[in-house]
Amino acid sequence: MSTNKTEIEMLGQQSDGKYLVKLDGASYLLDAAQYKAINRKKEMPASRLEIWLKSYADENI
Amino acid sequence: MGRRKTPNIGKAINGFFSTVNKMAKAAARAEKQRIREQNQRIRQAERAERESMRRIEQLAMAQRRADREYEKEMRRQEREQQRAEREREKVEKLYAKQLAQEQLEAEMSEIESENEEWTTVHTLAGHIVSLDEINATLSRCDYEQQNIDAANCMFENPYPSDHTAKIRAMSEADSMFDMNTALAELQKARELYNNLNFTEKEPTLMMVRDILTKEAENQIHSFLPWKQSRLRKEYVDLYTDVRYYEMHDEWEKLKKEYEDMKAKFLADMESKKSAVEKIRDDKANFLTKRTQEIQEAVLKEWKEERDTYYNNLRANLQDMISGDKNYIITAVDSIFPNDDLPMEYFVDIAYDEKTGKALVDLDLPEIEDIPQQKIAVTPSGKKTIRQKTQTDLRSDYAHCIFGLAMYVASNIFNVSLKIQDIEISAYTQRKGENSAVATDQYVFLVDFTRELFSLIDFQKHSSAEIMEAFKRHYNMTKTYDMKEIDFSSAYGKMETFVPADYNDFI
């Protein structure tokens, strides 16, 4: 599992109330709690952040 | 004429003086006697006075002695009272001391227990199940579900006996069939029948003649005895037959009435008896049928419950083997937090199906939540309650949070066999040095692998020791002060951390 640092973009709240986050070109829409959790983890390696973001995105389906 | 005798004057004078002398002597003697007697009286009076004085003195002495005795007794009683008071105070003090000691011991025991609870969380990390164990349980599941008589089943509800069904059916039957009333009515009819007796004696000629004789004696009177006797005899003879038939007819009428009544009571009793027997038969039939119905329903319910249990167990076991990501996330969310632990914590999980890696974000309790007191032993060997030092608190906190990570990991490993390793990032809320606002600070990272984790004996070592068996990263001083870790380098440090030989921990 890679631990290379990749910049995560925390793009804030959208008009629909969701929070937009971008990582490696992929966009993720999160709720407030998930956004807060990702914000806390934003210094994690991209490989971990990707797993978290995908997991949160799955929860929101 | 003779010579007149001349009186002897001298003699007379002498005699006079002698008499005077005697009188004087007598007077002197009398005076002496008087004086003697007077002196005697005076002495007696003096003696009496002395005696009186002596008695007064004796009384006074006795009084003084009595006063002294009384005072002595009072002092003794006072001393006794003071001693009793001291004794009571001593007992009270002893009791209070004992009570305080008991309270102290209870408090110490509570403190010890609380500290133990917080610092040995890792010992609650359960056994990690393996595929072989799951397969064995699945086989057992199939066997037990197919064999209703199997012993020591995992489904613990026993095969329902028909006892409960019988009781329920009996209860229903009791309310449906009023046997008591029927029995009471039968008893009443039986008593009526048994108590109905015919006591009238059948009239005889002799009985009739006796009656007529008494009537004749009352009604027929004559001055002439032989005439009276004759008239009375004629009366008896004349009415005997007529009266006999009258009386006999009356008796037969009564007897007939009695027999009719007896027959009626007997018929009534038989009818009541038949009613009782019918109710008994109906009730017995109902009981048999209803018991069977209830038992079948209970058995059906039990079988359904049993099937549900085994089906759910099988499904859970299957999920443990092959459950997907959604199952894992849902299962973990349903486990945490629970009431097993005394501290507040929160578990967030993400799972990567490709690698079998679970990422756990663990919100730890704060150091302020750690019990503040500990039990120390004084140089004299006495246990005492002490405030923990900062080092104590930090040490307990470190053991607590490492243990919590192990407890959480053990539960997550048992959710699915697919989870091969669990990487825990643990954070807590801390206030900055110049800030009143608490922020989340990550304090350790650890990567628990299933293979190694399932070998560890969690009862044998402290959580801080066990951490050394896994790849981990934290920044902890010798005094257990856990600094915030820097994610930019933490993962690299964790990857390069060389764990201790796991053989030391199994």
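Residues numbered from 1 in each chain as written. Chains lettered and ligands numbered in written order. Predicted model: local features only at pLDDT ≥ 70, side-chain atom pairs only at ≥ 80, totals over all residues. Heavy atoms only, no water.

As for the sheet that holds strand β5 (residues 421-431) of chain B
All names here are of chain B.
- Spatially, 6 strands are ordered β1-β2-β5-β6-β7-β8 in an open sheet, and the strand pairing comes out mixed. Bordering the open sheet on either side are β1 (346-352) and β8 (482-483), each of which pairs with just one other strand.
- Sitting on the sheet, helix α8 (residues 390-413) touches β1, β2 (357-363), β5, β6 (438-449), β7 (471-476) and β8, and the angle it makes with β6 is about 55°. (Pairing = 2+ DSSP bridges. Helix = DSSP H or I, 4+ residues; strand = E, 2+ residues; numbered from the N terminus. Contact = heavy atoms within 4.5 Å. Axes fitted to C-alpha atoms, helices over the stretch in contact; angles between N-to-C directions.)

Remarks on the pairing of β1(B)
- By the criterion of burial, β1(B) is predominantly enclosed, with 6 of the 7 residues buried.
- Counting the residues in the hairpin turn of β1(B) and β2(B) gives 4 residues, including B:G356, whose phi is positive at 70°. (Buried < 20%, exposed > 50% of the residue type's maximum accessible area, 1.4 Å probe, protein only.)

Let's talk about the interface of chain A and chain B
- With 15 residues of chain A at the contact, the number on the chain B side is 22 residues.
- Both faces considered, chain A and chain B share a buried interface measuring about 1,600 Å² in area, 62% of it formed by carbon and sulfur atoms.
- The largest per-residue losses of area from chain A upon contact with chain B belong to A:R40, A:R48 and A:W52, which jointly make up 38% of the total buried on that side.
- There are 7 salt bridges connecting chain A and chain B.
- Residues A:R40 and B:D440 are paired through a salt bridge, measuring 3.4 Å at the closest nitrogen-oxygen approach.
- Top element by residues in the side of chain A that touches chain B is helix α2 (residues 46-59) of chain A. It accounts for 8 residues.
- Here the side of chain A that touches chain B is built from residues that sort into 6 nonpolar, 2 polar and 7 charged. (Buried area = accessible area lost by both parts, 1.4 Å probe. Salt bridge = Lys/Arg side-chain N within 4 Å of Asp/Glu carboxyl O. Nonpolar A, V, L, I, M, F, W, Y, C, P; charged D, E, K, R; others polar.)

Looking at helix α5 (residues 205-219) of chain B
- Over its 15 residues, α5(B) extends 21 Å from the first C-alpha to the last, a length consistent with the 21 Å expected when each residue adds 1.5 Å.
- The elements touched by buried residues of α5(B) are α6 (225-322) of chain B. (Expected span 1.5 Å × (residues − 1).)

Focus on the packing of helix α3 (residues 162-176) of chain B against α6(B)
All names here are of chain B.
- As a packed pair, α3 and α6 sit with axes 8 Å apart at the nearest point and diverge in direction by 135°. Classified by the angle their axes make, α3 and α6 are oblique. Every pair of crossing elements has a handedness; the one defined by α3 and α6 is right-handed. Taken together, the residues of α6 that come into contact with α3 (itself represented by D162, A165, K166, R168, A169, M170, E172, A173, D174 and M176) are K283, F286, L287, R290, T291, I294, Q295 and V298.
- For the contact of α3 with α6, a count of residues per class yields 9 nonpolar, 2 polar and 7 charged. (Parallel < 35°, antiparallel > 145°, perpendicular 65-115°, else oblique. Left-handed = near helix turned anticlockwise from the far one by under 90°.)

Concerning a negative patch on the surface
Residues and elements named next belong to chain B.
- The grouping of E200, E202, D249, E250, E252 and E257 at the surface amounts to a negative patch.
- By the element assignment, E202 lies in the loop between α4 (179-195) and α5.
- Overall, the relative accessible area of 41% leaves E202 in the partly exposed class. (Patch = residues over 30% accessible without salt bridge, like charges linked within 9 Å, V, L, I, M, F, W, Y side chains within 5 Å. Areas by Shrake-Rupley, 256 points an atom, 1.4 Å probe, with all protein chains shown as cover. Lys, Arg positive; Asp, Glu negative; His and termini not counted. Charge placed at Lys NZ, Arg CZ, Asp CG, Glu CD.)

Looking at the confidence of the model for chain B
- Averaged over all residues, the pLDDT of chain B is 91; the fraction at 70 or higher stands at 98%.
- Quick note on the complex model: pTM equals 0.68, ipTM equals 0.91. (pLDDT = per-residue confidence, 0-100.)

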